[in-house]
Amino acid sequence: VQLQASGGGLVQAGGSLRLSCAASGRIFYINDMGWYRQAPGKQRELVATVTGGGSTTYPDSVKGRFTISRDNAKKMVYLQMNRPKPEDTAVYYCNADIQDVQFTWRNYWGQGTLVTVSS
């Protein structure tokens, strides 16, 4: 089982960018999925989460600008970043709680994708 994030790059402040994350492998069920980020010299922080039932949470720093969504059939999670700010510059990581075909639960991290927001 693995997570593969993509979609990072350079974006102007006020623009938009969409990150994608694909889960693959011998997966039975995916529960909570989320995005985290880590800026240089800072700790990793939560950006957004979505439960298996579709409920979402956001910190105040991105609420109203970022939207998390998932496609269960494709085993994908997305992060739509609207009106990004330079302070959103970071490496973004996807995360998921996954039950494999042997019914073992584990928490997985994607490899990270760099988002740079220019002013």
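Below you will find a few notes about this structure. (Residues numbered from 1 in each chain as written. Predicted model: local features only at pLDDT ≥ 70, side-chain atom pairs only at ≥ 80, totals over all residues. Heavy atoms only, no water.)

A few points about the overall build of the protein
Alright, step 1. Each helix and strand in the protein was counted, giving 0 helices and 11 strands.
Alright, step 2. Taken from N to C terminus, the helices and strands of the protein fall in the order β-β-β-β-β-β-β-β-β-β-β.
Alright, step 3. Each principal axis of the C-alpha distribution contributes one length, and for the protein these read about 50 × 25 × 25 Å.
Alright, step 4. In the protein, buried positions account for 38% of the 119 residues. (Helix = DSSP H or I, 4+ residues; strand = E, 2+ residues; numbered from the N terminus. Buried < 20%, exposed > 50% of the residue type's maximum accessible area, 1.4 Å probe, protein only.)

Points about the state of the cysteines
Alright, step 1. Scanning the entire structure with this criterion turns up 1 disulfide.
Alright, step 2. For Cys21, the disulfide goes to Cys94, at an S-S distance of 2.1 Å. Its S-S torsion of about 60° marks the bond between Cys21 and Cys94 as right-handed, since a negative value means left-handed. In this pair, Cys21 is assigned in strand β3 (residues 16-24) and Cys94 in strand β9 (residues 90-100), connecting sequence segments 73 residues apart. Taken individually, Cys21 and Cys94 each receive the classification buried, so the pair is uniform in this respect. (Disulfide = S-S within 2.5 Å.)

Details of the side chain of Asp88
Alright, step 1. Within the secondary structure, Asp88 sits in the loop between β8 (76-82) and β9.
Alright, step 2. Reaching out from Asp88, the side chain makes a polar contact with the side chain of Arg65 at a distance of 2.8 Å.
Alright, step 3. Here Lys85 takes part through its backbone nitrogen, which lies 2.8 Å from a polar atom of the side chain of Asp88. (Polar contact = N/O pair within 3.5 Å; in protein donor to acceptor, adjacent residues only side chain to side chain.)

Section: the packing of aromatic side chains
Alright, step 1. In the structure shown here, the tally under the stated rule is 4 aromatic pairs.
Alright, step 2. Here the aromatic rings of Tyr93 and Trp109 are separated by 6.4 Å at their centres, their planes lie at 85°, and the arrangement is edge-to-face. Here Tyr93, found in strand β9, pairs with Trp109, found in strand β10 (residues 105-109); they are 16 residues apart in sequence, far enough to count as distant.
Alright, step 3. Grouped by ring-pair contacts, the aromatic residues Tyr36, Tyr93 and Trp109 constitute a single cluster.
Alright, step 4. Above the face of the Tyr93 ring, Arg44 is positioned so that its terminal group lies 3.8 Å from the ring centre.
Alright, step 5. Arg44 extends its terminal NZ or CZ atom over the ring of Trp109, reaching a point 4.5 Å from the ring centre. (Phe/Tyr/Trp six-rings, centres within 6.5 Å; stacked < 30°, edge-to-face > 60°. Lys NZ or Arg CZ within 6 Å of the ring centre and 35° of its normal.)

Points about the side chain of Asn95
Alright, step 1. Looking at the element boundaries, Asn95 is found in strand β9.
Alright, step 2. On the accessibility criterion, Asn95 (8% relative accessible area) is buried.
Alright, step 3. Among the polar contacts listed, one links the side chain of Asn95 to the backbone oxygen of Tyr108, at a separation of 3.2 Å.
Alright, step 4. Ignoring sequence-local partners within four residues, the contact set of Asn95 consists of Leu3, Asp32, Met33, Gly34, Tyr36, Asn107, Tyr108 and Trp109. (Contact = heavy atoms within 4.5 Å.)

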